[in-house]
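# Secondary and tertiary structure notes
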Amino acid sequence: MELYIKRAKLTVLDKYEVTDRKGNLVYDIKGELISVGKRLRINSAAGTELASVYEKKLSIRDRYIIATRTGETEVFRIDTIRKVPEYRAKQIGWTLKGDFGRPDLKIMEGLHTVAHIKPRALSFKEILKMDLREEKDALAAVALFLVSQLDASNTPQNAEEK
């Protein structure tokens, strides 16, 4: 399954659209400010909230939560030797890693690739293509990718670049 992730530019809060190969809206993602930190809400094309992603403040290490109707998944940021973060989703056993600068990212379950995220070929817009192993993994894969985007927007390095 292929999904395309497009981030809206020039908005106060984060906004993303996730579409399928035919351009149909799959997920509409909108940011909101909460009392402490940011939250991204993932809605279906019909507007039903499916999940949210937010930073868990006041924890010892960088920790994020993916909340769905079926429960919560903790995601920990791990800084590797190469000074490149990895995001580990504890309850589902996935790790998001790769080159965040390009980006060229993989969501791994052990040695198996769940999803591969890279720039869309021959596109002048900033659109990322997500190749998924299975359609049932789409929501969790998009949510895990969004954790990395929330984390990137919280780092002082990115604040200076903007």
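Computed from a predicted model, the values in this text were never measured in an experiment.

Here the focus is the overall build of the chain. Assigned secondary structure in the chain consists of 2 helices and 12 strands. Ordered by position from the N terminus, the helices and strands of the chain form the series β-β-β-β-β-β-β-β-β-β-β-β-α-α. For the chain, with 162 residues in total, the buried portion stands at 42%. Counting contacts in the chain only where the partners sit at least 6 residues apart, residues at least 24 apart contribute 28% of the total. Carbon and sulfur atoms make up 52% of the accessible area of the chain, which amounts to about 9,700 Å² in all.

Another aspect to go through is the pairing of strand β7 (residues 71-79). For a regular strand, side-chain orientation follows a simple rule: the groups alternate between the two sheet faces. With 6 bridges joining them, strand β6 (residues 63-68) and β7 adopt antiparallel strand pairing. Residue I66 lies in a different strand from β7, and its bridge partner there is T73.

To continue, consider the pattern of salt bridges. Scanning the entire structure with this criterion turns up 19 salt bridges. With its nearest N and O atoms 3.9 Å apart, the salt bridge here joins K38 to D14. Taken together, the positions of K38 in strand β4 (residues 38-44) and D14 in the loop between β1 (2-7) and β2 (15-20) put the pair 24 residues apart, joining distant regions of the chain. A relative accessible area of 25% places K38 in the partly exposed class.

What follows covers the packing of aromatic side chains. Throughout the structure, instances matching the rule amount to 0 aromatic pairs. Residue placement shows R39 over the ring face of Y54; its charged tip is 4.4 Å from the ring centre. One cation-aromatic arrangement involves R120 over Y4; the distance from NZ or CZ to the ring centre is 4.7 Å.

A word on the sheet that holds β7. Read around the barrel, 12 strands follow the order β1-β2-β3-β4-β5-β6-β7-β8-β9-β10-β11-β12 and close on themselves; strand pairing throughout is antiparallel. With strand direction ignored, the average angle separating the axes of adjacent strands in the sheet is 20 degrees.

Another point: a nonpolar patch on the surface. A cluster of nonpolar side chains, namely V12, L13 and L33, defines an oily patch on the protein surface of about 330 Å² accessible area. As for its placement among the helices and strands, L13 is situated in the loop between β1 and β2.

This next bit is on the environment of E55. Inspection of the secondary structure assignment puts E55 in strand β5 (residues 49-55). As for E55 and K38, which are separated by 17 residues in sequence, their C-alpha atoms are 6.7 Å apart.

Let us look at the confidence of the model for the chain. Note that predicted coordinates carrying low pLDDT should not be read in detail. Confidence in the prediction for the chain averages 86 pLDDT; 85% of positions are at 70 or higher. Mean pLDDT values over the elements of the chain span from 41, in helix α2 (residues 156-161), up to 96, in β2. Residue range residues 156-162 is modelled with pLDDT below 50. Its contacts to residues more than four positions away, or to other chains, number 3 contacts.

Where burial is concerned, most of strand β12 (residues 127-132) is hidden: 5 out of the 6 residues are buried. Two elements, β1 and β12, share 5 bridges in a ladder whose sense is antiparallel. What sits directly across from Y4, in β12, is K129. One ladder, built from 5 bridges, connects strand β11 (residues 112-119) with β12; its direction is antiparallel. The partner of P119 across the bridge, within β12, is L128.

Rules of the game
- Residues numbered from 1 in each chain as written.
- Predicted model: local features only at pLDDT ≥ 70, side-chain atom pairs only at ≥ 80, totals over all residues.
- Heavy atoms only, no water.
- Helix = DSSP H or I, 4+ residues; strand = E, 2+ residues; numbered from the N terminus.
- Buried < 20%, exposed > 50% of the residue type's maximum accessible area, 1.4 Å probe, protein only.
- Contact = heavy atoms within 4.5 Å.
- Areas by Shrake-Rupley, 256 points an atom, 1.4 Å probe, with all protein chains shown as cover.
- Pairing = 2+ DSSP bridges.
- Salt bridge = Lys/Arg side-chain N within 4 Å of Asp/Glu carboxyl O.
- Phe/Tyr/Trp six-rings, centres within 6.5 Å; stacked < 30°, edge-to-face > 60°.
- Lys NZ or Arg CZ within 6 Å of the ring centre and 35° of its normal.
- Axes fitted to C-alpha atoms, helices over the stretch in contact; angles between N-to-C directions.
- Patch = residues over 30% accessible without salt bridge, like charges linked within 9 Å, V, L, I, M, F, W, Y side chains within 5 Å.
- pLDDT = per-residue confidence, 0-100.

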